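Observations on chain architecture
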Amino acid sequence: MTITRWIGTAALLAACSKAPDSKQPPPDPNPKPVAPIDAAAPAASSGWYRAVIGEKQGTAIPVFLQLPAGGTEALIATGPDRVHAKLVSGPPKVVIAFEVLRTQIEATAQPSGALDGTWDSKSGSWGSASLSFHAEPIPGPDPDKRFPSAPGPDPSGVWKLQLTKPEELAKLTIHKGSAPNELTATIGFQTGNLAFLAGNQEGKTIRLSAFDGASPYLIVAEIDEAAKQLKGNWTAGQALAWKETLTGQKTNDFVLEQQMQLSKARPKLKVAQLAKPPYAGNPVIVELGGSWCPACGHASAKLKALKDKYAAEGLQVLTLAYEFTDDAAYNKQQAEVFKTKYQIPWDVIPVDGGIEKYNEIIPEGIEQIDPSGFPITIFVARDGTIEGFHSGFPPENWGELHKQTLEDFDRLTAKIVASKKSK
């Protein structure tokens, strides 16, 4: 199996971020500045801020953040999506911890009410990174305050995108929001990586952003007058190192095919645990995940429901936790953190080995697995052969993508439960 890139951090929802090719040209987002927000706005009671991540590194990515007075939880709003984090302390010294991801926001309140500080990643998997953080108080998460907005050609619909390498594709689906010129969007990559974003249209310019605690995300693109062609840039990653140029056209019938594939028809999945009780002879769902992967946590609720539904038929679930480090103690600790946070009742087995050992530690049977598509959910029949797989797991408020994923999980699970043992 071959991997042409490796990830830099998790993405979102399911979105994990991968490092760029060294020869790839940097994008030129060049977003126009938003008019300053009145710091005297009645934000004390709401606790809402318009925060900007990465501005001092040259790419300003806005997000909406709420720090409820007296609360213990911070919220990040991207359209209808909400990301929860632990509010360790509120103003004047703000500390927001994304504990599973090992990332944190630290900021100090200014006399104006603004917050200044950094978002830091201290992942044992992906190393350390730091981006600037600045936030201005606002009355609430007003879509018109994310980016500048103005009417323009209708960008809503499905877009087939070519990335920096022409052979690499992505699918961008844009929806109009409830507010004028508000947009929400999902972008999917051939690796199975998915991201949900929100933003604004300003004439022919589209700007979309998100932040999930693991990575900030930004799309800046221009559409033509007919809203049929698109050209722009994508930026993501804990150090904003994942950069892609985007060119595309609107289409209604584009189906994105994932790069991951079976090495042959119905191969056996070579995982040592599958040869032993309680897995041997039973249908098994094997999840390749990691504590750094928010989407892996999202998937746990569905996997628990399936395990309960087919308990009488012997369905088993097994998670292999990839932290991509050689530090066995750290890997074990993160596996336990992940298991506890999502109340997982099955085994979560840490897998030791850094990213340079990737091809050695990923199970045989599936080709071209890119961890930016984690979780990789593999459906194993009673005879140990792979019935199918699914890459990524969008959360419930992603709508149709979430519904399709649930249907895939139901269909593939029913097939492995109905399978026969090998003779």
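Remember, it's a predicted structure, so these values are computed and weren't measured experimentally. (Residues numbered from 1 in each chain as written. Predicted model: local features only at pLDDT ≥ 70, side-chain atom pairs only at ≥ 80, totals over all residues. Heavy atoms only, no water.)

A look at the nonpolar core
With 44 residues, the main nonpolar core has Leu274, Val286, Tyr322 and Phe374 as its most contacted residues. Every element with two or more residues in this core is listed here: strand S20 (284-289), helix H1 (294-309), strand S21 (316-322), helix H2 (328-341), strand S22 (348-351), helix H3 (358-361), strand S24 (376-380) and helix H4 (400-417). Those residues within four positions of Leu274 in sequence are excluded, and the remaining contacts are Leu269, Tyr279, Ala280, Val284, Val286, Leu318 and Val380. Residues Val83, Ile96, Phe147 and Val220 belong to the second largest nonpolar core, which totals 29 residues. (Core = buried A, V, L, I, M, F, W, Y, C linked by side-chain atoms within 4.5 Å. Buried < 20%, exposed > 50% of the residue type's maximum accessible area, 1.4 Å probe, protein only. Helix = DSSP H or I, 4+ residues; strand = E, 2+ residues; numbered from the N terminus. Contact = heavy atoms within 4.5 Å.)

Concerning the sheet that holds S22
The strand order S22-S21-S20-S24-S25 describes an open sheet built from 5 strands, whose pairing is mixed. With one partner strand each, in any of the chains shown, S22 and strand S25 (386-391) form the two edges of the open sheet. Neighbour to neighbour, the strand axes of the sheet diverge by 20° on average, direction disregarded. Bridge count between S24 and S25: 5 bridges; the pairing is antiparallel. (Pairing = 2+ DSSP bridges. Axes fitted to C-alpha atoms, helices over the stretch in contact; angles between N-to-C directions.)

Quick word on unusual backbone geometry
Between Pro91 and the following residue, Pro92, the backbone shows a cis peptide bond with an omega angle of 15°. Inspection of the secondary structure assignment puts Pro92 in the loop between strand S6 (81-89) and strand S7 (93-98). Residue Pro278 follows Pro277 across a cis peptide bond; omega there is 0°. A positive phi angle, near 55°, is found at Phe324, a position not held by glycine. Along the polypeptide, Phe324 turns up in the loop between S21 and H2. Its relative accessible area of 3% is what places Phe324 among the buried residues.

That's the geometry; what it means functionally is another story.
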